[in-house]
Amino acid sequence: MTVLYKADPVRGALWAERFAQLAPEMPFRVWPDIGDPASVRFLVAWQPGDLAVTLPNLEIVFSVGAGVDQLDLSQIPAHLPVVRMVEPGIVDGMVEYVTQAVLTIHRDLFDYHLQQQARAWQPMPLRAAASRRIGVLGLGMLGTAVLERLRLFGFACAGWSRSQHEIAGIDCYAGEAGLATFLARTDVLICLLPLTDATRGLLGRQVFDTLPRGASLVHVGRGPQLVGDDLLDALERGQIHSAVLDVTDPEPLPPDHPLWTQPRVRITPHIASATRPESAVDAVLENLRRFRAGEPMNGLIDRTRGY
Ligand code: NAP
């Protein structure tokens, strides 16, 4: 009943420690030290390579991340459940990151930073949070948590998803039919969508031009959802005022990429949030308990939807 871990080895040591404490009966191995391949039942991986095919008795593939776009689902036999990471560490990090990005935009810190460089002391009018309209693309685990926190500041909050949601205090829009209305009322657009065929390239000219002039973008989904040239053009035209980008395409962003030097673009190296080993082990163990009890696992992927 071995659990095999194939991801960052430094974090792997923390996983191993936690597993030894909480489930000493379950052998936990860190790739490439896989031991007897026939005894590996559960794989926890960022990129499993061909392990899902070559391990003969594998029962579940767990992603160490909240998304599964880094997995090649065609390389994972159809009978194996694929489970993404649903744990509080990822949520806490994302709520912190997006909150700082939205407050940076809301309190005009991009413009004050430019003023600082020019040694200019020019107060701008303070805008009430209630008049700033926040819109989150994606009403899943992360999008919902972010909106629930931002709502506490008094921002006017809305979200957009594939299926219709109902969340107290949040205006919910759904599907292609709801997208234009959602965008037209959004001053700060936050992307928390999974990367799928339907969301690749979504953050492009059409979306930017449907936002009110001078809107801002916070992109914390996945790099290939953003059309970089369209963002540069929208910034140039003043259609987009500013952008906070935690994800880019490619990653790392090449040193000569023009986004690096945009005065109103802030770039971070995909650090918005990360799985916290302690709570991640708890989440995996709870899912193993559910699996054995025949209960649905948290974060089970629907392969037809791709997330
Ligand atoms: P989730 O719980 O699966 O939620 C995904 C949301 O996106 C759902 O509301 C879903 O709609 C919506 N959605 C998916 N495809 C759509 C489409 N074509 N049109 C409209 N809505 C669509 O995912 P999550 O845990 O919140 O995570 C979201 C993403 O955040 C991850 O996939 C990952 O890419 C990104 N992420 C980034 C970082 C970082 O450090 N930058 C860290 C963690 C995660 P329904 O509700 O109708 O299904």
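Residues numbered from 1 in each chain as written. Predicted model: local features only at pLDDT ≥ 70, side-chain atom pairs only at ≥ 80, totals over all residues. Heavy atoms only, no water.

Draft legend 1. Representation of the layout of surface pockets within the structure. Reported here for the second largest pocket is a volume of approximately 210 Å³. Residue composition of the lining of the second largest pocket, grouped by class: five nonpolar, three polar and six charged. (1 Å grid on protein atoms, 1.4 Å probe; cavity = no way out; pocket = protein on both sides within 12 Å on 5 of 7 lines; lining within 4 Å. Points joined across faces, edges and corners; volume = space filled by probe spheres on them. Nonpolar A, V, L, I, M, F, W, Y, C, P; charged D, E, K, R; others polar.)

Draft legend 2. Summary view of the site of the ligand. Taken together, 30 residues surround the ligand, and among them Arg 84, Leu 142, Ser 163, His 165 and Tyr 307 come closest. Between Leu 142 and the ligand, the recorded distance is 2.8 Å, taken from a backbone N or O atom to an oxygen atom. At a separation of 2.9 Å, a nitrogen atom of the ligand approaches a polar side-chain atom of Asp 246. Its free accessible area being 950 Å², the ligand has 92% of it covered by the protein chains. Of all the secondary structure elements, the ones that give two or more residues to the shell around the ligand are helix H3 (88-106), helix H5 (141-151) and strand S7 (156-161). Residues of the shell around the ligand, tallied by class, amount to 15 nonpolar, ten polar and five charged. Residues lining the shell around the ligand come from more than one domain, with at least three contributed by each of domain 1 (2-87 + 275-293) and domain 2 (89-267). (Near = heavy atom within 4 Å. Polar contact = N/O pair within 3.5 Å; in protein donor to acceptor, adjacent residues only side chain to side chain. Areas by Shrake-Rupley, 256 points an atom, 1.4 Å probe, with all protein chains shown as cover. Helix = DSSP H or I, 4+ residues; strand = E, 2+ residues; numbered from the N terminus. Domains from an automatic or database assignment.)

Draft legend 3. Broad picture of the nonpolar core. Trp 15, Phe 19, Ile 134, Leu 150 and Ile 190 are the most contacted members of the largest nonpolar core, which has 52 residues in total. Broken down by element, this core gets its largest block of residues, nine residues, from H3. Mapped onto the domain boundaries, this core takes at least three residues apiece from domain 1 (2-87 + 275-293) and domain 2 (89-267). Non-local contacts of Ile 134, meaning those with residues more than four positions away in its chain, are made with Val 102, Leu 150, Phe 155, Ala 156, Cys 157, Ala 158, Arg 185, Thr 186, Val 188 and Ile 190. Among the nonpolar cores identified, the runner-up in size contains 29 residues, and Trp 160, Leu 203, Leu 211 and Leu 259 belong to it. (Core = buried A, V, L, I, M, F, W, Y, C linked by side-chain atoms within 4.5 Å. Buried < 20%, exposed > 50% of the residue type's maximum accessible area, 1.4 Å probe, protein only. Contact = heavy atoms within 4.5 Å.)

Draft legend 4. Expanded view of the sheet that holds strand S10 (residues 215-219). With respect to topology, seven strands assemble into an open sheet ordered S8-S7-S6-S9-S10-S11-S12, the strand pairing being parallel. Both edges of this open sheet fall to strand S8 (171-174) and strand S12 (265-267), since each of them pairs with a single strand only. Mean inter-strand twist for the sheet, computed between neighbouring axes without regard to direction, equals 15°. Here four bridges tie S7 to S8, and the two strands are oriented parallel to one another. Each residue of the ladder has a partner; that of Ser 161, found in S8, is Ala 174. Packing against the sheet, H5 makes contact with strand S6 (133-137), S7 and strand S9 (188-191), and its axis sits at approximately 170° to S7. Helix H6 (residues 175-184) rests against S6, S7, S8 and S9 of the sheet, and its axis sits at about 155° to S7. (Pairing = 2+ DSSP bridges. Axes fitted to C-alpha atoms, helices over the stretch in contact; angles between N-to-C directions.)

Draft legend 5. Region of the structure containing the sheet that holds strand S3 (residues 40-45). Across the sheet, five strands lie side by side as S2-S1-S3-S4-S5; this open sheet has parallel pairing. The strands lining the two open edges of the sheet, one partner per strand, are strand S2 (28-30) and strand S5 (82-83). In terms of strand pairing, strand S1 (residues 2-6) meets S2 through three bridges, oriented parallel. Looking at the pairing, Val 3 lines up with Phe 28 of S2. The sheet strands contacting helix H1 (residues 9-22) are S1, S2 and S3, and the helix crosses S2 at an angle near 170°.

Draft legend 6. Up close: the side chain of Arg 185. Mapping Arg 185 onto the fold places it in the loop between H6 and S9. Buried within the structure, Arg 185 lacks any salt-bridge partner; its nearest side chain of opposite charge belongs to Asp 171, at an N-O separation of 5.0 Å. Within the structure, Arg 185 has its side chain in polar contact with the side chain of Thr 186 (distance 3.1 Å). Here Arg 185 is in contact with Arg 133, Ile 134, Gly 135, Ala 156, Cys 157, Ala 158 and Tyr 173, once residues within four sequence places are set aside. (Lys, Arg positive; Asp, Glu negative; His and termini not counted. Salt bridge = Lys/Arg side-chain N within 4 Å of Asp/Glu carboxyl O.)

Draft legend 7. Representation of the pairing of S9 in the model. Residues Val 188 and Ile 190 point to one face of S9 and Leu 189 and Cys 191 to the other, with burial holding for every one of them. Bridge count for S6 against S9 is four bridges, and the pairing is parallel. From the neighbouring strand, Gly 135 faces S9, where its bridge partner is Leu 189. Summarising the sheet, S9 and S10 pair through four bridges and their orientation is parallel. Bridging across to S10, Ile 190 finds its partner in Val 218. Taken together, S9, helix H7 (residues 205-210) and S10 form a β-α-β motif whose crossover is right-handed. (Right-handed = clockwise from strand over helix to strand, strands pointing away.)

Draft legend 8. Representation of the side chain of Ser 216. Residue placement: Ser 216 occurs in strand S10. Looking at Ser 216, its side chain comes within polar contact range of the side chain of Ser 242, at 2.8 Å. Ignoring sequence-local partners within four residues, the contact set of Ser 216 consists of Ile 105, Asp 187, Val 188, Leu 189, His 241 and Ser 242.

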